[in-house]
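# Reading the structure
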Amino acid sequence: MRKILFILFATAIICNGCSKEHSTNPVKNLFKISIKPALNAIDSAWQQVLGGEALISFIPDTVNVSSIKDSLNLKSIASYNRQVLAGTYNLSLSTESTAIADTFIRFNAQVNNFLINKDQTISFPATTNDGVITINKSVIAATTIPTFIPAGTNTVYNFGLANGCYFIYVTGAASGRITFTEVTSGYTYMKDLTITAMNQYDLSPILNTSGAVVHLHPFHLKAILN
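Residues numbered from 1 in each chain as written. Predicted model: local features only at pLDDT ≥ 70, side-chain atom pairs only at ≥ 80, totals over all residues. Heavy atoms only, no water.

## Overview of the layout of surface pockets
To keep it simple, the criterion reads: In this analysis the probe radius is 1.4 Å and the grid spacing 1 Å, with only protein atoms considered; a cavity is a set of points the probe fits into but cannot get out of, a pocket is an open set with protein on both sides within 12 Å along at least five of seven lines, and lining residues have an atom within 4 Å of a point. Grid points are joined across faces, edges and corners, and a volume is the space filled by probe spheres set on the points. Polar here means any residue outside two lists: the nonpolar Ala, Val, Leu, Ile, Met, Phe, Trp, Tyr, Cys and Pro, and the charged Asp, Glu, Lys and Arg; Gly therefore counts as polar.
Computed from the structure, the largest pocket encloses a volume of approximately 190 Å³. In terms of lining, the largest pocket is formed by ten residues, of which the most central are K36, P37, A38, L39 and N40. Partitioning the lining of the largest pocket into residue classes produces five nonpolar, three polar and two charged.

## Describing the nonpolar core
Formally: Among the buried residues, those of types Ala, Val, Leu, Ile, Met, Phe, Trp, Tyr and Cys that are joined through side-chain atoms within 4.5 Å form a nonpolar core. For every residue, the accessible area (1.4 Å probe, protein chains only) is compared with the maximum for its type, and the residue is labelled buried under 20%, exposed over 50%, or partly exposed between those bounds. Every helix listed is a DSSP run of H or I at least four residues long, and every strand listed is a run of E at least two residues long, numbered separately from the N terminus. The contact definition used throughout considers only heavy atoms, calling two residues in contact when any of these lie within 4.5 Å.
Within the largest apolar cluster, 36 residues are counted, with the highest numbers of intra-cluster contacts made by I35, F58, L93 and I116. Here this core gets four residues from one element, more than from any other, and that element is strand β8 (residues 108-116). Dropping the residues within four chain positions of it, L93 is found in contact with I35, P37, A54, L55, I56, L74, I77, F107, N108, A109 and F124. Counting residues in each nonpolar core, the second largest holds 18 residues, with I133, I135, F159 and I178 among its members.

## Quick word on the sheet that holds strand β9 (residues 120-122)
We count it as follows: When DSSP finds two or more bridges between a pair of strands, those strands are recorded as paired. Fitting a line to C-alpha atoms yields each axis, with helices limited to the stretch in contact; the angle taken between N-to-C directions then spans 0 to 180 degrees.
What the three strands build is an open sheet, ordered β5-β1-β9; its pairing is mixed. Of all the strands in the sheet, the pair left with one neighbour each is β5 (82-85) and β9. Put simply, the sheet's adjacent strands are angled 45° from each other on average, direction ignored. Across four bridges, the pairing between strand β1 (residues 30-35) and β5 is antiparallel.

## Some details on unusual backbone geometry
For D43, which is not glycine, the phi dihedral falls at a positive 75°. Assignment of secondary structure puts D43 in the loop between β2 (41-42) and β3 (53-60). With phi around 55°, N113 is a residue other than glycine that occupies positive phi space. Considering the arrangement of structural elements, one finds N113 in strand β8.

## Thoughts on the confidence of the model for the chain
Rules: Scored from 0 to 100, pLDDT reflects the predictor's confidence in each residue.
Per-residue confidence for the chain gives a mean pLDDT of 86, with 86% of residues at or over 70. Note on residues 1-27: pLDDT is under 50 here. Beyond four places in sequence and across chains, it has zero contacts.

Right, dumping it as structure tokens:
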């Protein structure tokens, strides 16, 4: 009887040791994922401006885990990372702004059946319904900011400042009036525009007149998949 009890006790110790050893083993199929939207424009020197709230989704395809959905401000997307189990996922990244105009590009990016099996930064194709209006900072009077007023409204949107230009993104097919004050003359210029998505409208005042010229630069977004 003593021998039997000893054997059972010894077995329990061995099993308990195995359990502890197993619990300290790291999970080997978790990988750190970060996101880099492929938003640089082609056919235009303009560098797209990120910002605003966005939703990132990891929808599992071949792995039995719950979906992951994170909200974040795109200004801080460079610091975003998420540990994900190895497997195939449908990924999406979408901005949440639905305003007619804003100081960052609105877009949707998606890729399906994406295999995650290593630490990596994922950059996938994006589409946008925005056009962008730009005015070189050097032609704008100090202490003034260009504005955009959508047609049929009294809502005033101030331009942002980036890439050496005042700028604003406007939803495709929207119309409105741009107003700005020129630096040398102090004259206030107004220009009515209807925006077509994926175009840059670069405005310049025609001095000694009341007009402004528009330089149109169609663009499309780089479609990069890493």
